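Understanding the architecture of this molecule
Below are the chains, spelled out letter by letter.
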Amino acid sequence: MLYKFDVMLLNVNHLWKKYKNFVANEDVTLHVDEGEIVALLGPNGAGKTTLVKQVYGELYPTKGEIEVLGGKPWEGKIKRKMGVIPQECVPYGDLTVEDNLYYIARIKGLDRNTAQRNVQDIMEKLDLSKRKKVMTRDLSGGLKRRLLIGMALVNSPSLIILDEPTTGLDPEARRDVWNLLLSLKEQGKGMLLTTHYLDEAERLADRIYFLNRKVISEGTPSQIKEKFSAYYEVIDYSTGKTYYVKEDEIKDFVAKLNGRFEVRLPSLEEIYLKVINNDS
Ligand SMILES: Nc1ncnc2c1ncn2[C@@H]1O[C@H](COP(=O)(O)OP(=O)(O)OP(=O)(O)O)[C@@H](O)[C@H]1O
Ligand SMILES: [Mg+2]
């Protein structure tokens, strides 16, 4: 199916998920296109994991439609084309790094040769080759996370679903993961990731959905910023002072400044708080 911009990999349409009488997802509509990273941003309990679990076929929707890679999430052939990192998932400790990757590749239906080839390839890419014989239980938390990413990618998926991919990683490992995800995007992979980190969403995402049970807002990081920021931040370098100035007053304001200055939009952090507070 061809859409306005790209090929749509995931289409979630008016999705509802209830746990008994509790509504965790309310009428959620979203999509992910080829070569696009989409971030789901929201506080604890916002329904992010609930939503992605339905996308990778672990939970059934109460109401609404999910179309993924031209099929339904619970179909075996569709699951095999997805790569998933669930929240709070760890690789199997009693297997080596290499074996964790190999067995997951086999489970995803790859034949032996392809599995072996892909395992070597992914270990290279993720800089895990020199640790391939290490028992997974002996890896650090960050390396376990990196291995999990490898396990999600070993079947060369078209759509990758990452539930808080960088939680618990140190800043350097986090940046490594970011670079890896950006290089996958360049290969045309689509990604749906959940995160609490605004800087992560800002750095990685083409589009952001603010979720708090329902979608509160959607757009590119800069659209979100524009939509929710009545004020710009003006930094006057000659005095080191920061001012918050309304958009229509910016011109007059900076005309009065003498030295170097910078005008920028507020951070997503501030916007996030504003959006969530307005909703509750
Ligand atoms: N199996 C379940 N039974 C009943 N309620 C559940 C179940 N799973 C999740 N919930 C509730 O649904 C809501 C959404 O949970 P969910 O895990 O989807 O949130 P989240 O956005 O992923 O949060 P976090 O950022 O903490 O991971 C929460 O209030 C949670 O307690
Ligand atoms: Mg979650």
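Going along each chain's sequence as written, the residues are numbered from 1 onward. Throughout, the order in which chains and ligands are written sets their labels, letters from A for the former and numbers from 1 for the latter. Predicted model: local features are reported for residues with pLDDT of at least 70 only, side-chain atom pairs are reported and counted for 80 or more only, and whole-chain, interface and lining totals are derived from all residues. Side-chain measures here rest on the full set of heavy atoms in the structure, leaving out hydrogens and waters.

The name given to the chain in an unreviewed UniProt entry is Trehalose/maltose import ATP-binding protein MalK, with Sulfuracidifex tepidarius as the source organism. UniProt positions are given in the numbering used here, feature names are shortened, and annotations may be inferred rather than shown by experiment. Word for word, the UniProt comment on the chain under Sequence similarities (unreviewed entry) is "Belongs to the ABC transporter superfamily."

1. Things to note about the sheet that holds strand E9 (residues 214-219)
Strand pairing follows a simple DSSP-based rule, namely that at least 2 bridges must link the two strands. Numbered from the N terminus, helices here are DSSP runs of H or I no shorter than four residues, and strands are runs of E no shorter than two. Pairing in this open sheet of six strands is mixed, and the strands run E5-E6-E7-E3-E8-E9 from one edge to the other. A single partner strand is all that each edge strand has here, and the edge strands are strand E5 (82-85) and E9. Ignoring which end each strand starts from, the neighbouring axes of this sheet average 15° apart. Of the pairings in the sheet, the one linking strand E3 (residues 37-41) to strand E7 (residues 190-195) comprises five bridges and is parallel in character. Across the sheet, Ala-39 pairs through a bridge with Leu-193, a residue of E7. Whether two residues touch is decided by their heavy atoms; if any such pair falls within 4.5 Å, the residues are in contact. Axis definition: a line fitted to C-alpha atoms, over the contacting stretch in the case of helices. Angles run 0 to 180 degrees between N-to-C directions. Running at roughly 160° to E5, helix H5 (residues 141-153) makes contact with E5 and strand E6 (159-163) of the sheet. Along the sheet face, helix H6 (residues 171-186) touches E3, E6 and E7 and points at about 150° away from the line of E7.

2. Description of unusual backbone geometry
With a phi close to 50°, Lys-20 is a non-glycine residue in the positive phi region. As for its placement among the helices and strands, Lys-20 is situated in the loop between strand E1 (8-19) and strand E2 (22-33). The class for Lys-20 is exposed, based on a relative accessible area of 80%. Of note, Arg-213 is a non-glycine position whose phi angle comes to about 75°, a positive value. Checked against the element boundaries, Arg-213 lands in the loop between strand E8 (207-212) and E9. The buried label goes to any residue with under 20% of its type's maximum accessible area, the exposed label to any with over 50%, and the partly exposed label to all in between, with areas taken from a 1.4 Å probe on protein chains only.

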